[in-house]
Amino acid sequence: MSKIEFSIYKDFEVQGKWWVLGNEDLKLSGILKNSKEGLILDIFGSFGSASDLMQKNESKVHDIIVGNTFEGEVTLVECTEIYATASHFYDIDDSETYTRYIVRRAVKGRHYESKSHILLPKLTVEFTNLQAWLGYQPFESTHKPLGIQCNTDIETFESYVESERLKISSNISFSYTNAPFKSEILYKPAIVFEPDEPQNIEWYEEKIRSFQRLLCVLTNSKVFVESMRYLTFSKERSITIVTSQAADYTNKELSIGNVFLIGFQELGHSISTVIQKWYSCQIESSLLLYINVILRGSNMNIEDKFLSYAKAMESGHRNSSVSENKFMDDEDYKKIVQRMIDSVKHELDVNFINKLQGTLRYAHEYGFQRRIKETIKSVSEDLRVHLLLGNSVQNFADLIRINRDYYTHFGDSSDKIFTTSQLYYVNKSLKLIVLWQISREIEIPEEVLVKAIEREAYDLLYLQKGVSLFRITDPIT
C-alpha cells in the first residue's frame, strides 16, 4: 500500500481508530479527510452517550482527539462537533450513530495528552514562491555512467531575532532518480524556525505568519504556507502539522525576470538585519493594510485600494521610528493644554470643556496632509519624480487629502476628485510610496529597492503614461 502524503494542500483520507483521552476504552472507527472543505473527522459512533444526540445544546468541543491510523499516530487539535445523527431515533439506545467534527489542526507522528504538551524544538516550513525569492539553483547534474554529479555546497542564510529569541535559516531538502537514460534531482527549499526553547504550535504559527507577510512584501505576491514539519533523524518520529487549506491557494511559481522582486541574492549581507527589523517593526498597521491589497488583488475595487494606501501612509508615518511625528514633546504639550483649559474653564459649559479637551488631545501631532507630504519627501529624488505624476509635492499631498476625505465621507464633490483613470495611476504611485516607507523601516538598502523597481520597470513606465491625465498647477519641487 502506497503511503498517503499527509500535507496541507494534498487531499487525503486516513482511516483509523479514534478516541478521547481519558476514555481509552471507547475507540471508534473513523476517517480523517482533508480537502478544500477543511479537516473533517467522520466517526462511526459517538464519544458521548446515545441520549446526547437528542439534546439541542451547543456543539461539543474536544481539545484533543487521538488516533491510530494506517499512516501512524495522529493527534487532532480543537475538534468541534458539527453534525450528529442516529439511524433510529425512536430506539436511540440500539441505533447506529454517526458524528462529524471539524478539526483545526492535525498533528501526525505522535499522540499528545493536551494542547500544552505539543511543544516542538523547531519547525521546517515550506512556502510558495520561496524558490523564486531565494533565487539560486542549488544543484547541477549531468548523466554519466557513474551516476549523478551534484553540487551540495548550498548557499544559505541564518538570522537570529533577539526580540523573539528565535533563529531563522534556510534549508534545502532533495532527492534524485538515476534511471538508465534520465537523471533527475528534485529539491525543495524551506525556512527553519528554531527558538531557544521548545514552543507550542500557536507560537510558531504567529512567527511563521509574520515571515509569510515579509515574503508577500518582498515578492509582491500572495504567499502560502505549504507544509510545517519537525524533522528528526528518524523519519518515523518526525512530526507533520496540517491545517485548513486557504480557499485562494495557488502554487504557480513566480516567473523570474518579469516581476517585482527583492530577492535574497539582492539583499545579501543585509538579510539578517532586514529579518530582525521585520520582527520588531513599529508600523504593523501600515504593513497589514499594504499586504491586504496584495492578498485581495483584483477582488478589491480601486477606491478601497486608494483608501488602504492612504491609511497605510498615515499610519506608517505616525508609528515610524524614522519620522518626526509631533510639533512638540507630549509632556510639554500637556502643560500647555492644561494652562489653556484652566484659563477658560470657569467661563464655559463643562460639556464644552470636555469636548475641547478631546479636540486638543492630539493637536500637537502632524495632520494627515503633513504626514503625506513628509512621507513623499522621504522618497529618493530620482524615484519621487515618477511618483508625483507631474505634480509638486504640496499639490500631490493636497490631492490625496481631498480625495481621502471624499471617499471616507462621500461629501461634496469638486474638480479635484480623481477620475477612475487617474485613480489607477495614483494607486500605483501610492503603492510604491508605502513600499518605500516599509523598506526604510526594516532597513532594506535604498539602492536595492530602487534597483528592484527599475529592473521590473512596469510600474515606472505605467506612471509615465499617466502624467498626461493630470493638470500641472505648479512646477515639481
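Starting from 1, residues in each chain are numbered consecutively following that chain's sequence as written. Local features are withheld for residues below a pLDDT of 70 in this predicted model, meaning they are given only at 70 or higher, and side-chain atom pairs are given and counted only at 80 or more; totals for whole chains, interfaces and linings count all residues. As a rule here, side-chain values come from all non-hydrogen atoms in the structure, and water together with hydrogens is ignored.

**Considerations on the overall build of the protein chain**
Here is step 1 of the chain: We count a stretch as a helix when DSSP gives it H or I for four or more residues in a row; a strand needs E for two or more, and each element gets its number in order from the N terminus. Scanning the protein chain from terminus to terminus reveals 14 helices and 16 strands.
Here is step 2 of the chain: Among the 477 residues that make up the protein chain, the fraction classed as buried is 47%.
Here is step 3 of the chain: In this description, contact between two residues means that some pair of their heavy atoms is separated by no more than 4.5 Å. Counting only contacts in the protein chain whose residues sit at least 6 apart along the sequence, the fraction spanning at least 24 positions is 70%.
Here is step 4 of the chain: Counting every atom, the protein chain has about 25,300 Å² of accessible surface; 48% of that belongs to carbon and sulfur. Each residue is placed in one exposure class: buried if its accessible area under a 1.4 Å probe, protein chains only, is under 20% of its type's maximum, exposed if it is over 50%, and partly exposed if it falls in between. Every accessible area reported is derived by Shrake-Rupley at a probe size of 1.4 Å, with residue values counting cover from the shown protein chains alone.

**Brief notes about the pairing of strand β8 (residues 123-127)**
Here is step 1 of the chain: Counting buried residues along β8, five of its five residues qualify, which places the element largely inside the surrounding structure.
Here is step 2 of the chain: Along β8, one buried face is formed by L123, V125 and F127 and the opposite face, lined by T124 and E126, is buried too.
Here is step 3 of the chain: Criterion used throughout: strands pair if DSSP finds at least two bridges between them. Taken together, the four bridges between β8 and strand β15 (residues 225-230) define a ladder with antiparallel strand orientation. Directly across from E126, in β15, lies its bridge partner S227.

**Here's the deal with the pattern of salt bridges**
Oppositely charged side chains may form a pair once their charged atoms are brought near each other.
Here is step 1 of the chain: Any carboxyl oxygen of Asp or Glu that lies within 4 Å of a side-chain nitrogen of Lys or Arg is treated as forming a salt bridge with it. Under the defined criterion, the tally for this structure stands at 22 salt bridges.
Here is step 2 of the chain: Between K33 and D42 there is a salt bridge whose closest N-O contact spans 3.2 Å.
Here is step 3 of the chain: On the basis of relative accessible area, D42 is assigned to the buried category, the value being 3%.
Here is step 4 of the chain: Residues R404 and D405 are paired through a salt bridge, measuring 3.0 Å at the closest nitrogen-oxygen approach.
Here is step 5 of the chain: A single salt-bridge network, built from bridges that share partners, covers E314, R318, D398, R401, R404, D405 and K416.

**Some thoughts on the packing of helix α11 (residues 393-409) against helix α12 (residues 420-441)**
A packed helix pair is summarised by two numbers, namely the angle formed by the two axes and the spacing between the axes.
Here is step 1 of the chain: Close contact between α11 and α12 brings their axes to 13 Å; oriented N to C, the two are set at 110 degrees. The orientation of α11 relative to α12 falls into the category roughly perpendicular. Both α11 and α12 take part in a crossing whose hand is left-handed. Residues F396, I400 and Y407 of α11 lie in contact with α12, whose contacting residues are L423, V426, S429, L430 and I433.
Here is step 2 of the chain: Gly is placed with the polar residues, together with every amino acid not listed as nonpolar (Ala, Val, Leu, Ile, Met, Phe, Trp, Tyr, Cys and Pro) or charged (Asp, Glu, Lys and Arg). Looking at the contact of α11 with α12 residue by residue, the class counts come to seven nonpolar, one polar and no charged. Axis definition: a line fitted to C-alpha atoms, over the contacting stretch in the case of helices. Angles run 0 to 180 degrees between N-to-C directions. Small angles under 35 degrees read as roughly parallel and large ones over 145 as roughly antiparallel, with 65 to 115 read as roughly perpendicular and the rest as oblique. Whether a crossing is left-handed or right-handed is set by the direction in which the near helix is turned from the far one by less than a right angle, anticlockwise for left-handed and clockwise for right-handed.

**Things to note about the packing of aromatic side chains**
Here is step 1 of the chain: Side-chain rings of Phe, Tyr and Trp, where Trp is taken by its six-membered ring, are said to pair if the distance between their centres is within 6.5 Å; with planes under 30 degrees apart they count as stacked, over 60 as edge-to-face, and otherwise as tilted. According to the stated counting rule, one finds 19 aromatic pairs in the structure shown.
Here is step 2 of the chain: Ring centres of F127 and F211 lie 5.8 Å apart, and the angle between their planes is 40 degrees; on these two criteria the pair is classed as tilted. Residue F127 is found in strand β8, and its partner F211 is found in helix α2 (residues 201-219); the two are separated by 84 residues along the sequence.
Here is step 3 of the chain: The exposure class assigned to F127 is buried, which follows from its relative accessible area of 2%.

**Regarding the environment of W18**
Here is step 1 of the chain: One can find W18 in strand β1 (residues 12-19).
Here is step 2 of the chain: In this structure the C-alpha to C-alpha distance between W18 and V74, which are 56 residues apart in sequence, comes to 9.1 Å.
Here is step 3 of the chain: Side-chain atoms alone can form a polar contact between residues adjacent in sequence; in general such a contact is a pair of N or O atoms within 3.5 Å, and within protein one must be able to donate a hydrogen while the other accepts it. A polar atom in the side chain of W18 sits 3.2 Å from the backbone oxygen of G30.

**A word on the packing of helix α5 (residues 284-296) against α12**
Here is step 1 of the chain: For the pair α5 and α12, the least separation of the axes is 11 Å and the interaxial angle reads 140 degrees. In this view, α5 runs oblique relative to α12, as classed from their interaxial angle. The crossing of α5 and α12 is left-handed. Counted together, S286, L287 and Y290 of α5 and K431, V434, L435, Q437 and I438 of α12 form the full contact between these two elements.

**Some details on helix α14 (residues 458-466)**
Here is step 1 of the chain: Taken together, the buried positions of α14 are occupied by D459, L460, Y462, L463 and G466. Along the long axis of α14, the arc covered by the buried residues comes to 160 degrees, so they all point the same way. To obtain the arc, one takes the directions from the helix axis to the C-beta atoms.

**With respect to the side chain of K431**
Here is step 1 of the chain: Considering the arrangement of structural elements, one finds K431 in helix α12.
Here is step 2 of the chain: On the accessibility criterion, K431 (14% relative accessible area) is buried.

**Details of α12**
Here is step 1 of the chain: A helix's residues, less one, multiplied by 1.5 Å, set its expected span. Its 22 residues place the ends of α12 32 Å apart at the C-alpha level, agreeing with the 32 Å of an ideal helix rising 1.5 Å per residue.
Here is step 2 of the chain: The buried count for α12 comes to 18 of 22 residues, which makes it a mostly enclosed element.
Here is step 3 of the chain: Where α12 terminates, the next one or two residues include E443, which has phi positive at roughly 65 degrees.

**Considerations on the side chain of S35**
Here is step 1 of the chain: Among the structural elements, S35 can be located in strand β2 (residues 28-35).
Here is step 2 of the chain: Looking at S35, the relative accessible area reads 18%, which means it is buried.
Here is step 3 of the chain: Separated by 3.0 Å, the side chains of S35 and E37 make a polar contact.
Here is step 4 of the chain: When sequence neighbours within four positions are dropped, the list of residues in contact with S35 reads D11 and Q245.

**As for the nonpolar core**
Here is step 1 of the chain: Put simply, buried Ala, Val, Leu, Ile, Met, Phe, Trp, Tyr and Cys residues joined by side-chain atoms within 4.5 Å make one nonpolar core. The biggest cluster of nonpolar side chains holds 122 residues, and the ones touching the most others in it are F127, W133, F193 and F211.
Here is step 2 of the chain: F193 has contacts with K122, L123, V125, F127, L166, K167, I168, Y204, K207, I208, F211 and Y279, leaving out every residue within four places of it along the chain.

**Brief notes about the pairing of β2**
Here is step 1 of the chain: Counting buried residues in β2 gives six out of eight residues, a clear majority hidden from the surface.
Here is step 2 of the chain: Looking at chain direction, β1 and β2 are connected through seven bridges and run antiparallel. Note that in β2 the partner of G16 across the bridge is G30.
Here is step 3 of the chain: Where β2 lies against strand β3 (residues 38-43), six bridges are found, and the strand directions are antiparallel. Paired with I31 across the strands is D42, a residue of β3.
Here is step 4 of the chain: Linking β2 to β3, which pair antiparallel, is a turn of two residues.

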